Amino acid sequence: MTEQTSALHQGAFGRRSTANDVTAGIDLAGKNILITGCTSGIGFEAMKTLAGRGGHVIGVGRSQEKAEAACRSISEAGVNGTMTAMGCELENFAAVVELTDKVRAMKTPIDILICNAGIIGRSNLERVGEIEKQFAVNHLSHFILINRLLDQVKAAPQGRVVIVASEAHRSTPPGGIAFDNLTGENGYSALSFYGQSKLANLLTARELARRLEGTQSTANALHPGVVATNIFHNLPTFLSAPLKLLGRTFMKSSAAGAATTCYVATHPALEKASGVYFSDCNPIAPSAHGADDSLAKKLWDVSEGLTQDYLV
């Protein structure tokens, strides 16, 4: 995987590129695409762009109503794309199973599976069952989604799994993943546990890429950049206020924030790229923990144990 990263040259796109820029000239007609978190921000912009390029986009939002409203808004904006709205509250693992059952019933390959939805936790500890909420929603829900739809991804001519991670993966508890404190009960920091969940996203892509070796399918992770989206609404005021103040200077627009997602999902140059971490539409090196294959395998095994009732 390191060799792949070094072999990928710095491309024509960068920090200022938009989703439209990186997909220019790409025809997605006949492609089936599923994206979570489609109702706002990066997910909404990515769905609009991919549908506009001819893809059939299954847009997943926290509720059926919100997903339908997002699809309707894109259509009313004049985008002549095909979209199917589906609702799923990702913190409810049973709802993820219901979602995947509906997608399986469509009996079509999934050319692109984009795990985009995510949360930043509140300063006070919250859990889903016995698991800290950010780890449950950002990582485990998508772990279930990927595993239950993987056969459909592999059935596509060149299926791609794209996982939205973050440079926050560099700020984690000691060891990267606190396997002995996934509940958060032995100490909790919203930002370090967010970083842990984003490291889990990156490691999932890395281990999945290893498991997909010998197939036509790929798995990659990315950092979208700092984008002014709804994900920041849970941040405490002492963090959210400076972000709002500096946002106009340093934050990307949603159109630029969705660029790396759309690039990794669609660009022909990345047909063989797998297990790579991207930022600003170019490969970059992850943290030492993010490049740890043994940690990636351990996380996969632990995640299987935590979600085994939902993977069948």
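Refer to the structure printed above.
Given the structure is predicted, the values throughout are model-derived calculations rather than measurements.

1. A few points about the packing of aromatic side chains
Point 1. Under the criterion given, the structure shown has five aromatic pairs.
Point 2. Ring centres of Tyr 263 and Phe 278 lie 6.4 Å apart, and the angle between their planes is 75°; this geometry places the pair in the edge-to-face category. Of this pair, Tyr 263 sits in helix α10 (residues 259-266) while Phe 278 sits in strand β9 (residues 277-279), placing them 15 residues apart in sequence. Taken as a pair, Tyr 263 and Phe 278 share a single burial class, namely buried.
Point 3. One aromatic cluster is present, formed by Phe 13, Tyr 263 and Phe 278 through successive ring pairs.

2. As for the sheet that holds strand β4 (residues 112-115)
Point 1. Taken in spatial order, the eight strands make up an open sheet running β3-β2-β1-β4-β7-β8-β9-β10, and their pairing is mixed. Where the open sheet ends on each side, the last strands, each with one partner, are β3 (82-87) and β10 (282-283).
Point 2. Along the sheet, α10 makes contact with β4, β7 (160-164), β8 (218-223) and β9, crossing β7 at roughly 160°.

3. Describing helix α7 (residues 190-211)
Point 1. Its 22 residues give α7 an end-to-end C-alpha distance of 31 Å, which sits within 8% of 32 Å, the value for a rise of 1.5 Å per residue.
Point 2. When you tally the buried positions in α7, you get 19 out of 22 residues, the bulk of the element.

4. A closer look at unusual backbone geometry
For residues besides glycine, phi is generally negative; the peptide bonds are generally trans as well.
Point 1. Despite not being glycine, Lys 107 shows a phi value in the positive range, around 55°.
Point 2. The residue Lys 107 is located in the loop between α5 (93-105) and β4 in this model.
Point 3. The backbone phi angle of Cys 281 is positive, close to 65°, even though this residue is not glycine.

5. Thoughts on helix α11 (residues 293-307)
Point 1. Taking 1.5 Å of rise per residue, 15 residues should cover 21 Å, and α11 covers 21 Å from first to last C-alpha, within 8% of that figure.
Point 2. Along α11, the positions that sit buried rather than exposed are Leu 295, Ala 296, Leu 299, Trp 300, Ser 303 and Thr 307. Taken end-on, α11 shows its buried residues confined to a sector of 140°, consistent with a single buried face.
Point 3. Its buried side turned inward, α11 meets α5, α6 (133-154) and α7.

6. Brief notes about the packing of helix α3 (residues 41-52) against α10
Point 1. Taken N-terminus to C-terminus, the directions of α3 and α10 make an angle of 45°; their axes are 9 Å apart at the nearest point. The angle between the axes of α3 and α10 places the two elements in the oblique class. In terms of crossing hand, the pair formed by α3 and α10 is right-handed. Two secondary-structure elements touch here, α3 through Ile 42, Ala 46, Thr 49 and Leu 50 and α10 through Thr 261, Cys 262 and Thr 266.
Point 2. Taken together, the residues that form the contact of α3 with α10 break down as four nonpolar, three polar and no charged.

7. Examining the environment of Gly 55
Point 1. Looking at the element boundaries, Gly 55 is found in the loop between α3 and β2 (56-61).
Point 2. For Gly 55, a relative accessible area of 0% corresponds to the buried category.
Point 3. Gly 55 sits 26 residues away from Ala 29 along the chain, and the two C-alpha atoms are 5.1 Å apart.
Point 4. In this structure Gly 55 touches Leu 28, Ala 29, Lys 31, Ile 33, Leu 50 and Thr 82, once residues within four positions along its chain are discounted.

Analysis parameters
- Residues numbered from 1 in each chain as written.
- Predicted model: local features only at pLDDT ≥ 70, side-chain atom pairs only at ≥ 80, totals over all residues.
- Heavy atoms only, no water.
- Phe/Tyr/Trp six-rings, centres within 6.5 Å; stacked < 30°, edge-to-face > 60°.
- Helix = DSSP H or I, 4+ residues; strand = E, 2+ residues; numbered from the N terminus.
- Buried < 20%, exposed > 50% of the residue type's maximum accessible area, 1.4 Å probe, protein only.
- Pairing = 2+ DSSP bridges.
- Contact = heavy atoms within 4.5 Å.
- Axes fitted to C-alpha atoms, helices over the stretch in contact; angles between N-to-C directions.
- Expected span 1.5 Å × (residues − 1).
- Arc of directions from axis to C-beta.
- Parallel < 35°, antiparallel > 145°, perpendicular 65-115°, else oblique.
- Left-handed = near helix turned anticlockwise from the far one by under 90°.
- Nonpolar A, V, L, I, M, F, W, Y, C, P; charged D, E, K, R; others polar.

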